[in-house]
Amino acid sequence: MKKLVAECIGTLWLVLGGCGSAVLAAGFPEMGIGFVGVSLAFGLTVVTMAYAIGHISGCHLNPAVSIGLWVGGRFDAKDLLPYIIAQVLGAIAGAGILYLIVSNQAGFEGVGGFAANGFGEHSPGGFNMTAALITEIVMTFVFLFVILGSTHSKAPKYLAGLAIGLCLTLIHLISIPVTNTSVNPARSTSQAIFADGGWATGQLWLFWVAPIIGAVIAGLLYKNLSPEK
């Protein structure tokens, strides 16, 4: 239960910090942080939580990460579903807090896209479903590859959190224009629930399927490249 609570809090922070920066600060008139700032915010949520809860739960914060670690032989199957549930609940809680903040702004008329992930007309750069699918698979594959490598027993100690956070930052710098960057089904689910118009829930399937495919490929490949844990 301690591990699940840690995962819930950690994923809440990832959504509140990452998506919150996109919704509240990215386009703020004349002072917005833009794509670079949002990318850095997502990376920072992972870095901060890696050192806060890494020793408790492993700081997965992401169903795709838990699945990839399981495939790679680093995580017990019995813990997989409870972790995913905790992550999704934490993400929804983070999005709910963000919704409460946004809905209490003067002149509130709706949350708009709410930093939800999308493709086609809902892609920031107008990229289609094929581009979104490729992007999410490849980016999640790289993310898991870095996680598996940086947390390996022979990797430099205490640097895993920094490497993983910087990797997530780079992933966002690449893929925000394509899909708003998911690589995390829990993050995608939480924002889709609150986004206006219902379009995000209709496209949510891709942001579960693609990250899981990328994570599974990374887990299988890294397990064969480096059989030692």
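Residues numbered from 1 in each chain as written. Predicted model: local features only at pLDDT ≥ 70, side-chain atom pairs only at ≥ 80, totals over all residues. Heavy atoms only, no water.

Caption draft 1: Inspection of the nonpolar core at higher detail. Core analysis: the biggest nonpolar cluster contains 51 residues, and F114 and F143 have the highest contact counts within it. Element by element, the count of residues in this core is highest for helix α4 (residues 80–103), at eight residues. With near-sequence residues (within four places) excluded, F143 lies in contact with N62, V65, I164, C167, L168 and I171. The next biggest cluster of nonpolar side chains, apart from the first, holds six residues, and it includes A132, I137, L206 and A210. (Core = buried A, V, L, I, M, F, W, Y, C linked by side-chain atoms within 4.5 Å. Buried < 20%, exposed > 50% of the residue type's maximum accessible area, 1.4 Å probe, protein only. Helix = DSSP H or I, 4+ residues; strand = E, 2+ residues; numbered from the N terminus. Contact = heavy atoms within 4.5 Å.)

Caption draft 2: The arrangement of the packing of α4 against helix α7 (residues 185–194) in detail. Packing of α4 against α7 leaves a shortest axis separation of 8 Å and a crossing angle of 40 degrees. Relative to α7, α4 is oriented oblique. Relative to α7, the crossing made by α4 is right-handed. Between α4 and α7, the residues in contact are Q87, V88, A91, I92, A95, G96, L98 and Y99 and A186, R187, T189, S190, Q191, I193 and F194, respectively. Here the contact of α4 with α7 is composed, by residue class, of nine nonpolar, five polar and one charged. (Axes fitted to C-alpha atoms, helices over the stretch in contact; angles between N-to-C directions. Parallel < 35°, antiparallel > 145°, perpendicular 65-115°, else oblique. Left-handed = near helix turned anticlockwise from the far one by under 90°. Nonpolar A, V, L, I, M, F, W, Y, C, P; charged D, E, K, R; others polar.)

Caption draft 3: Spatial organisation of the packing of aromatic side chains. All told, the structure shown has seven aromatic pairs when counted by the stated rule. For the pair Y99 and F108, a centre-to-centre distance of 6.3 Å together with 90 degrees between the ring planes defines the contact as edge-to-face. With 5.2 Å between their ring centres and 80 degrees between their planes, F145 and Y222 make a pair best called edge-to-face. Of this pair, F145 sits in helix α5 (residues 129–150) while Y222 sits in helix α9 (residues 206–225), and the two are 77 residues apart along the sequence. Taking the relative accessible area as the measure of exposure, F145 reaches 30% and is therefore partly exposed. Residue Y222 is classed as buried on the basis of its relative accessible area, which comes to 14%. (Phe/Tyr/Trp six-rings, centres within 6.5 Å; stacked < 30°, edge-to-face > 60°.)

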